[in-house]
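# Summary of the model geometry
The chain contents come next:
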Amino acid sequence: MPLSQGQRLGAYEILNAIGAGGMGEVYRARDTKLNRDVAIKVLPDLFANDAERLARFTREAQTLASLNHPNIAQIHGLEESGGVRALVMELVDGEDLSAHIARGAIPLDEVVAIAKQIADALEAAHEAGIIHRDLKPANIKVRADGKVKVLDFGLAKALDPAGTSCADPANSPTIDIRATRMGTIIGTAAYMSPEQARGKAVDRRADVWAYGVVMYEMLTGRIAFEGETATDIIAAVVTREPDWTLVPASTPTSVRRLLRRCLEKDPRKRLSSIGDARLELDENEPATSASIPHPVIAPRKAGWALSAGMVALAILATAGVMRLWPSGAVRSSVSGVPHLSIVLPEGDELGDPQFVSMALSPDGASMVYVGTRLGKKQLYLRKFSDPTPRALDGTDEARIPFFSPDGQWIGFFAQGMLKKIAVGGAALQVVCDAPDARGGSWGTDDNIYFAPTNISGIWRAKASGGAPTELTQLDRGNGEISHRWPQVLPGHQTLLLSVWTGPGEDEQQIAVLNLKTGERNTLVRGGSNARYVADGYLLYSRPDALFALPWNPSQREMINAIPITLPVHPRRAREGAGAFDVSKDGTLVYLSSGTGRFMQRVVWVDRSGNTEAIDLPERDYQEITLSPDGQQAVLGMAEGTINLWLYDFSRRTFAPFATAAGSSQSAIWSPDGKRIVYRGTRQGTRNIYWKAADGTGDEERLTTKERVIQTPTSISPDGRWLLFTDAGGETKSDIWMLRLDGDRSPQPFLRTNASETNARISPDGQWVAYVSDASGPSEVYVQSFPSQGPRRQISTAGGMEPLWSRDGRELFYQSGDKLMVVDVATVPTFSAGTPRVLFAGRYGISPTGITAYSQSVDGRRFLRCQQVQPPQPLDSIDVVLNWFEQLRQAAAAR
């Protein structure tokens, strides 16, 4: 029933009506308890009097209320008074996007800005398992400052009213037609996906379709699918294409491509993840024609297109051989070069995304990859003539596979060893030890060249087994800390390798080693994971990009040519490994990067998991640590050289924390807040430094040990002791202690055959929580400090990143995507309760071995780095046939 001005609905006083539709009447109201204006959506009588629907709606509304995102209008709660049931929502000032479009087509830069924010909102909802189902301009508000808010998430499903109508069929309210036993049609006609229109089950791809329709309408000022009645519009959605000629000729190719990918009528061919829309919107290619490219065939990939018949002919022509590709492979093309996407069996995923997950046989007829099935990680061999991959028994926990030159053997790393196995799956052998490998290459001389650890040179071992020999030594004088990702070239006289002086992009080089003379020369600065391909090019990777340079193996001097940026974007881990491989015949396999996969936002998270974003840019943050007084935070950031940045909450300033030349990361605060302690990479060593928190003065070096990685993790409350992790020595990783008010001579605290990391001292200074793999998986333990007592296990199903509460009565730790909490007592002796889940979410885990989050001073919230994009399953591998042709085309077009 209608509400009048001044009427009360619980604590809310109605001010005026602001809208009405199939979802219910909407009013502006005053929250008399919190002194704020809210929006009240009164539920239709038909719905409110239906007990079954009301119960279902209540359950849905509880889920919707969990959405907390800057581009989503928040649901505050449900209210019932005097027979009126209503939803209380955030009041968003500003005009509907539909009013903006009514004035005509929107300029491109504004379209992109709005579309990115809509994508952000949809992505957050999809990650939470919520589909909008009724996305349209009328449900999108644009504030005066350009901020976009998406309204009515999930209400089409939650309300599901019947019998509504509207004079404007294109913008008719939510439709509910129980026409067949196939399903229910829910959505607004002009923005409804074909599968919605047919009454079929829908998933997040229905929102992707509506997103494309909204983008089309913003660009053209016209509705994509028109008709006199809702039935006519639905028929147009199902059977007709939009008028592509209305899209402005100046629209970039990338935006045109995105429209096509969103508006594929077959959901299997549609853009599968709205997060991938950023990849297209970030591109800004000038339009070369007023026409839209042909429909894209490969979802989630770049926009390539070719008819299936033409692709089949191209496949037969490639390398002069016939391959029977499985019918499940997705086919497309760029400039006549066939592209395919090989989808793993249902439930399988790539099991080693942080390193090189797959390798091609030399003849390009098969590939091996690291896969996970039912939690078990091992190698799988996939012949391109056979759609069924074969598991290679005995390869559990395999990493970084590579083929022998004759294609009969596969080398890989597992359980701290270099191993090999015959392609047929027999003759599994251990070659030698390799504790923490960073790449391997099998030479025609039947030697395997490999990097046994992440802080060593390249070694060489006979493939038949035996003690390896050191081939390259680190030049400590020039700051080298690691040689990795070797490739031995045919003729076994030349070796390519990556030289690291630090983890920053500008601290990596590509070098060539003459195996006969031992002479080593730098070829490229600012690149990693080099690969020579027989067509005469040197390939190398930087984050999410692949580059090529003309090169021949006899060339030793620095390459000064401008690199060719290639139109493929392999995923790259922070270890500098590009996830790609190329066969002799020019077949390329790679994992798509997914732009923004490392992007994080900084948020406060309360103990119920509700988040509040901090006004900071989205970056590749690695960790965040709050100052003791809660006024500042230091953040580690992986962009270019890894930097430390300071954020001041009261002044809202964000500025780099200046340190000496080289990478700086893993920062913690001294208990008095006057200093910041961090790991610095200086002249090839990763030691511990500190510097005044206000940025004045020079940094001071606290440790000097070489050939290790030292990471500060905690300082005792009295400021006397520094605990740090020492990795790369005789044992795996140990916990050391340094007396800050004494002679500063480091001494071991925990030194065993297991790996102990990330020690955190309790607020009373009497206990240390740390992570150890003594029992197999990483678990959180507690021991007394500074003297050692019995070890007590805290976590029960895996744990890392321990953090004491400010009052010392709780101990937090991360277990998968869950933040766990344990009640503890430290006097008169230590005791711990049963771990329980505090909240879960996609929050960043520090790659540097420290706790990546902090607790607020009042103990009510946590400061965390939240992943911007939800993790997508790695269940497909891109394949490009005759890729050398595309490489030549890119070189000619440069």
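Residues numbered from 1 in each chain as written. Predicted model: local features only at pLDDT ≥ 70, side-chain atom pairs only at ≥ 80, totals over all residues. Heavy atoms only, no water.

## Here's the deal with the nonpolar core
Worth spelling out the cut-off: Residues enter a nonpolar core if they are buried and are Ala, Val, Leu, Ile, Met, Phe, Trp, Tyr or Cys, with the set joined through side-chain atoms within 4.5 Å. Summary of the burial criterion: residues with accessible area below 20% of their type's maximum are buried, those above 50% are exposed, and those between are partly exposed, where the area comes from a 1.4 Å probe applied to protein chains only. Only runs of H or I of at least four residues qualify as helices and only runs of E of at least two qualify as strands under DSSP, and these elements are numbered from the N terminus. A contact between two residues is defined here by any heavy atoms of the two lying within 4.5 Å.
In terms of nonpolar packing, the biggest core is built from 55 residues, with Leu97, Ile118, Tyr211, Met215 and Met218 touching the most fellow members. At the level of elements, helix H3 (97-102), helix H4 (108-127), strand S8 (140-142), strand S9 (148-150), helix H7 (205-220), helix H8 (230-239), helix H9 (253-262) and helix H10 (277-282) are the ones that each hand at least two residues to this core. Setting aside chain neighbours within four positions, we find Met218 in contact with Leu97, Ile101, Ala105, Ile106, Val111, Ile114 and Ala115.

## Side note on the pattern of salt bridges
To be explicit about the condition: In the sections that follow, a salt bridge refers to a side-chain nitrogen of Lys or Arg positioned within 4 Å of a carboxyl oxygen of Asp or Glu.
Enumeration over the complete set of coordinates arrives at 33 salt bridges. As a salt-bridge pair, Arg861 and Glu612 come within 3.4 Å of each other at their nearest N and O atoms. Of this pair, Arg861 sits in strand S61 (residues 861-867) while Glu612 sits in strand S38 (residues 611-613); the two residues are 249 residues apart in sequence, bridging distant segments of the chain. Taking the relative accessible area as the measure of exposure, Glu612 reaches 46% and is therefore partly exposed. Here Asp648 and Arg651 are joined by a salt bridge, their closest N and O atoms 3.8 Å apart. For Arg651, a relative accessible area of 59% corresponds to the exposed category. A cluster of three or more residues bridged by salt bridges with shared partners is formed by Arg28, Arg30, Asp37 and Asp93.

## Considering H7
Stated formally: By this rule, a helix spans an expected 1.5 Å times one less than how many residues it contains.
Between its terminal C-alpha atoms H7 stretches 23 Å, which fits the 22 Å expected from 16 residues at 1.5 Å a residue. Of all 16 residues in H7, 15 are buried, a share of seventy percent or more. Phi turns positive, to about 75°, at Gly221, one or two residues after H7.

## So, the environment of Ala797
By secondary structure assignment, the location of Ala797 is in the loop between strand S54 (792-793) and strand S55 (800-804). By relative accessible area, Ala797 is classed as exposed at 64%. In this structure the C-alpha to C-alpha distance between Ala797 and Glu779, which are 18 residues apart in sequence, comes to 7.5 Å. Discounting residues that sit within four places of it in the chain, Ala797 has contacts with Glu779 and Ser815.

## Details of the packing of aromatic side chains
Cut-off, in case you're wondering: Aromatic pairs are defined between Phe, Tyr and Trp rings, using the six-membered ring for Trp, whenever the two ring centres lie within 6.5 Å; interplanar angles under 30 degrees are classed as stacked, those over 60 as edge-to-face, and all others as tilted.
The final tally for this structure, using the stated rule, is 23 aromatic pairs. Residues Tyr216 and Trp244 carry aromatic rings whose centres are separated by 6.0 Å and whose planes lie at 80° to one another, so their mutual orientation is edge-to-face. Highlighted residues: Tyr216 in helix H7 and Trp244 in the loop between H8 and H9, separated in sequence by 28 residues. One exposure class covers both Tyr216 and Trp244, and it is buried. Judged by centre distance (6.4 Å) and plane angle (65°), the ring pair of Tyr853 and Phe862 falls under edge-to-face. When sorted by exposure, Tyr853 lands in the same class as Phe862, which is buried. Site record: aromatic cluster; members linked through ring pairs are Phe812, Phe839, Tyr843, Tyr853 and Phe862.

## Thoughts on the sheet that holds strand S39 (residues 621-626)
Quick reminder of the rule: For two strands to be treated as a pair, DSSP must find at least two bridges joining them. Whenever a helix is involved, its axis is fitted only over the stretch in contact; in every case the axis is a line through C-alpha atoms, and angles between N-to-C directions fall within 0 to 180 degrees.
Overall, antiparallel pairing links the four strands, which are arranged S39-S40-S41-S42 in an open sheet. Single-partner strands in this sheet number two, and they are S39 and strand S42 (653-656). The mean inter-strand angle of the sheet, taken between neighbouring strand axes irrespective of direction, is 20°. The pairing of strand S40 (residues 632-637) with strand S41 (residues 643-648) spans six bridges and is antiparallel. Each bridged residue has a counterpart across the sheet, and for Leu635 the counterpart in S41 is Trp645.

## Observations regarding the pairing of strand S53 (residues 779-784)
Burial runs high along S53: six of the six residues are buried. Side chains Glu779, Tyr781 and Gln783 of S53 all project onto a buried face; the interleaved residues Val780, Val782 and Ser784 project onto the opposite face, where all are buried too. Across six bridges, strand S52 (residues 767-772) lies against S53 in antiparallel orientation. Considered in S53, the bridge of Tyr770 is made with Tyr781. Hairpin connection from S52 to S53: six residues lie between these consecutive antiparallel strands, with Gly776 at a positive phi of about 120°. Of the strand pairs in this sheet, S53 and S54 are connected by two bridges, and their pairing is antiparallel. Bridge pairing links Val782 to Arg792 in S54.

## What about the environment of Gln783?
Definition in use: Residues adjacent in sequence count toward polar contacts only when both atoms are side-chain atoms; beyond that, a polar contact is any pair of N or O atoms within 3.5 Å, and within protein one must be able to donate a hydrogen and the other to accept it.
Inspection of the secondary structure puts Gln783 in strand S53. According to the relative accessible area criterion, Gln783 is buried, its value standing at 5%. Separated by 24 residues in the primary sequence, Gln783 and Ala759 place their C-alpha atoms 10.0 Å from one another. Not counting residues up to four positions away in its chain, the partners in contact with Gln783 are Leu750, Gln766, Trp767, Val768, Tyr770, Gln788, Gly789, Pro790 and Arg791. Looking at Gln783, its side chain comes within polar contact range of the side chain of Tyr770, at 2.7 Å. At a separation of 3.3 Å, a polar atom in the side chain of Gln783 contacts the main-chain carbonyl oxygen of Gly789.

That is the geometry; function is a separate question.
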